Amino acid sequence: MDSSGAGRPRQRLARIIAGVLLLPVVTLALVLVTAVAALHNLDRPWLKQRIVSRVEAATGLQLDYQAIQVSVLSGLRLEGLVVRTPSPFQTVAPELLRVGTLEAQWSPRSLLSGTTQVERVAVRDVAFTLVADDAGPSSFTGLTGPEAPEPPPAEAPLGASQQAAALLASAPPVGKVEVSGVALSYIRVRNGEVLERWALRGLAAAVEAKHQDGGWKVFANIGQAGTPLSLELSREGAALPSALAQLELTLSAEAGASAARARVDLDVARQTFDPQFTVRALLHGTASAKFDGEKRHIAIELDRTQLTDSAEVQAQLVLPDAAEVPPVVTRALADVDLGRLLHQVPADWRPFSIERGKVHLDAQEVTLSAMPQLGAQGKLELDVDVTEFQLVQDALRVALDGGRVSLLATPDPQKGLAAQLSFALQGLDVRGPTTLRVPKAHGELKGHQLRPDLSSPIKVAGDAALSGMVDAVDVRDSGLRATAQRLGFHLHAPLAGEPPFALKADVPVEGLQVVTADGREVLNGPVHVKLNVSDAFPLLDEPQLSRARARLELDVGSVHASLDATKGTHEVAYTLAVQTPDLAAARPFIPESVAARIPGSTWP
């Protein structure tokens, strides 16, 4: 009896301890059962309404979904997700975003492995519509409130060259993402009226993370080699004809912690935007990038890339992490076939026409700052060569049999830039109110120690000289005709960068003939013009207030004339002097009745 009475307290104590220990287990089990029950009833009206209301209160977005299924151990499936367009554009496009199906798959192993947690995500039948008003507001305007000031970061943020390494230092949270059936729409409105609708349909992509070579890499594909993705681009508008274009796109990309590479091919299968537009190949090229975290920059290399079938570009570019440091073009080459390019453009889109034309660009060590700069071994070379150029605009018609322009800029040995621009023209013919014909001309512009200033085009420091020769020129205007043979020009301007400025010009003409509308020859002989401008203070905003001094000398045959002029802010003072052995040069301008009354005059 004594032993059984002593055992009862111990039994009661054991039951109490078991109850205390069992209570958390039961509570946890009830929580898990409640959570599982809630996850299986997310599409029930009583729970769905609470979720939708809380999302709208937190984000301002009105959304809805048809069904959602969640399995704790396998994944989730969401169907019929709709995000409504914020006012005032709901009448134009009720839906901002629609997702037909979203699936996410995981497993207990992936959740507990500590690496990739979600094995696969698939999104199908996605439609996104953006509405924008010409006055400025768009579908996003109501969603973005005033930005709150962010506290300064505790640590310096990673640069762009380091972000890839940081992102791929461990396994990405999602192993594979597949997106298909994507349609993007853009609607332009004005005062609530739809002006035009653009849509791009058929987008699809696959992105996958893989562990290779001791690290993680991300691979992305749109279409496949030999089987490009078919896209449809359409346009509709109240005042525009409907148009459709079928495109073929292939894109492959891979990115690792230290490098990335991408290849893109884009072609036009057919289009109805303009039947005269005959281009099929739009873009074919490859680009690669190397992330250098130590030097804090990204080196980008664009392999030989074709733009349409008339241009090729290749370049090497360095992008620093620091926003205040400008990028540098290490090397860039571009070749454009202007003739082929213009022949593929509809006639009414062409500003001019040419039979053949070439453009070649070669740039080395160019810093792309606000004012581009050349490095120690830098160079900028541009060559443009055209034949059978024609421009017609209203009553003006310009024709050129052939022309060439070449530019070469290099660092000046002392400071600034050294530049040389040369040009050559053949068969220039200008028809209009004034007719101009130039069979042949050439010239060059040389600059030394040039130091441009972005604040004003006249604040260029250095030294510039222009020289050239026009073999012949024929000008006709209102019945007056002037023809010149062997017209040379020499201009020199020491550029101080700030006023006062100076300019010297020398224009010798071996032979100049001027004939009036009634057939009188008023000039026939050699002409020499010299101009010397000094103390020039130009005002671009108010040129009439500019100040300068100038001396003009003119030699016409045996006549020598000079003009000294000084322009102040509001006044002009000048002195004109003429030296001539006789009045033969002035005879064509003197009426017969007046010439007869001049005593002792002997006219040739």
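All values derive from a computational prediction rather than experimental measurement. (Residues numbered from 1 in each chain as written. Predicted model: local features only at pLDDT ≥ 70, side-chain atom pairs only at ≥ 80, totals over all residues. Heavy atoms only, no water.)

Moving on to the overall build of the protein chain. Each helix and strand in the protein chain was counted, giving six helices and 27 strands. Expressed as a percentage of its 604 residues, the buried residues of the protein chain come to 28%. Of the contacts made within the protein chain by residues no fewer than 6 positions apart, 47% connect residues no fewer than 24 positions apart. Total accessible area on the protein chain stands at roughly 36900 Å², and carbon and sulfur atoms take up 60% of it. (Helix = DSSP H or I, 4+ residues; strand = E, 2+ residues; numbered from the N terminus. Buried < 20%, exposed > 50% of the residue type's maximum accessible area, 1.4 Å probe, protein only. Contact = heavy atoms within 4.5 Å. Areas by Shrake-Rupley, 256 points an atom, 1.4 Å probe, with all protein chains shown as cover.)

Nonpolar side chains in soluble globular proteins generally cluster together in the buried interior. Core analysis: the biggest nonpolar cluster contains 26 residues, and Y65 and L231 have the highest contact counts within it. Of all the secondary structure elements, the ones that give two or more residues to this core are β2 (67–71), β3 (75–84), β4 (95–105), β5 (120–133), β9 (229–237), β10 (243–255) and β11 (259–271). Among all residues touching L231, those that are not within four sequence positions of it are L200, R201, G202, L203, A245, Q246, L247 and L249. (Core = buried A, V, L, I, M, F, W, Y, C linked by side-chain atoms within 4.5 Å.)

Among the structural elements, D265 can be located in strand β11. A relative accessible area of 17% means that D265 is categorised as buried. For D265, the residues in contact, after removing those within four places along its chain, are E248, L249, T250, L283 and H284.

Taken as a whole and assessed by the stated rule, the structure comprises 31 salt bridges. Residues R280 and E248 are paired through a salt bridge, measuring 3.4 Å at the closest nitrogen-oxygen approach. Taken together, the residues R280 in the loop between β11 and β12 (281–292) and E248 in strand β10 connect sequence positions 32 residues apart. Given a relative accessible area of 25%, E248 falls into the partly exposed group. The salt bridge involving E553 is made with R551; its shortest N-O contact spans 3.0 Å. The exposure class assigned to R551 is partly exposed, which follows from its relative accessible area of 31%. Taken together, the shared-partner salt bridges connect R77, E79, E103, R120, R124, K176 and E178 into one network. (Salt bridge = Lys/Arg side-chain N within 4 Å of Asp/Glu carboxyl O.)

With that out of the way, let us pick up the packing of aromatic side chains. Any pair of aromatic rings gets described here by the distance separating the centres and the angle formed by the planes. Under the definition given, this model contains three aromatic pairs. With a centroid separation of 5.8 Å and 15 degrees between ring planes, the pair formed by W198 and F273 is classed as stacked. Of this pair, W198 sits in strand β7 (residues 193–212) while F273 sits in the loop between β11 and β12, placing them 75 residues apart in sequence. For K210, the ring lying beneath its charged end belongs to F219, and the centroid distance is 5.4 Å. Sitting over the face of the ring of F537, R547 holds its NZ or CZ atom 4.4 Å from the ring centroid. (Phe/Tyr/Trp six-rings, centres within 6.5 Å; stacked < 30°, edge-to-face > 60°. Lys NZ or Arg CZ within 6 Å of the ring centre and 35° of its normal.)

We now examine the pairing of β3. Two faces belong to every sheet, and in a regular strand the side chains alternate between them. Looking at chain direction, strand β1 (residues 63–64) and β3 are connected through two bridges and run antiparallel. Bridge assignment links D64 to a residue of β3, and that residue is V82. Pairing geometry for β2 and β3, over five bridges, is antiparallel. In the strand pairing of β3, S71 is matched with G75. Count of turn residues in the β2/β3 antiparallel hairpin: three residues. By the bridge criterion, nine bridges tie β3 to β4 in an arrangement that is antiparallel. By the bridge assignment, L78 is partnered in β4 with L102. (Pairing = 2+ DSSP bridges.)

Here strand β16 (residues 356–367) pairs with strand β17 (residues 373–393) via eleven bridges, running antiparallel. Each residue of the ladder has a partner; that of L361, found in β17, is L382. Joining the antiparallel neighbours β17 and strand β18 (residues 396–411) is a turn of two residues, in which D394 adopts a positive phi near 55 degrees.

With that settled, the discussion passes to the confidence of the model for the protein chain. Confidence in the prediction of the protein chain, expressed as mean pLDDT, is 85, and 85% of residues score 70 or more. Below pLDDT 50 for its whole length, residues 16–35 participates in zero contacts with residues either more than four positions away or in separate chains. (pLDDT = per-residue confidence, 0-100.)

Moving on to the environment of P538. With respect to the element layout, P538 can be found in the loop between β24 (521–537) and β25 (547–556). For P538, a relative accessible area of 29% puts it in the partly exposed group. For the pair P538 and P500, spaced 38 residues apart in the sequence, the C-alpha separation amounts to 8.4 Å. For P538, the residues in contact, after removing those within four places along its chain, are I458, P499, F501 and S546.

Our next topic: helix α4 (residues 160–167). All of the buried residues along α4 are S161, Q162 and A164. Buried residues of α4, seen end-on, are gathered within an arc of 150 degrees and therefore sit on one face of the element. Buried residues along α4 sit in contact with β12 and β13 (297–307). (Arc of directions from axis to C-beta.)

Right, let's talk about the environment of P346 for a bit. On the secondary structure map, P346 appears in the loop between α5 (338–343) and β16. Judged by relative accessible area, P346 falls into the buried class, the value being 0%. Placed 72 residues apart in sequence, P346 and D274 show a C-alpha to C-alpha distance of 7.7 Å. Sequence-distant contacts of P346, defined by excluding residues within four places in its chain, comprise D274, Q276 and F277.

As for its placement among the helices and strands, S139 is situated in the loop between β5 and α4. Take S139: its relative accessible area is 1%, and that puts it in the buried class. If sequence neighbours within four positions are ignored, S139 has contacts with T85, P86, F89, L96, T129, L130 and V131.

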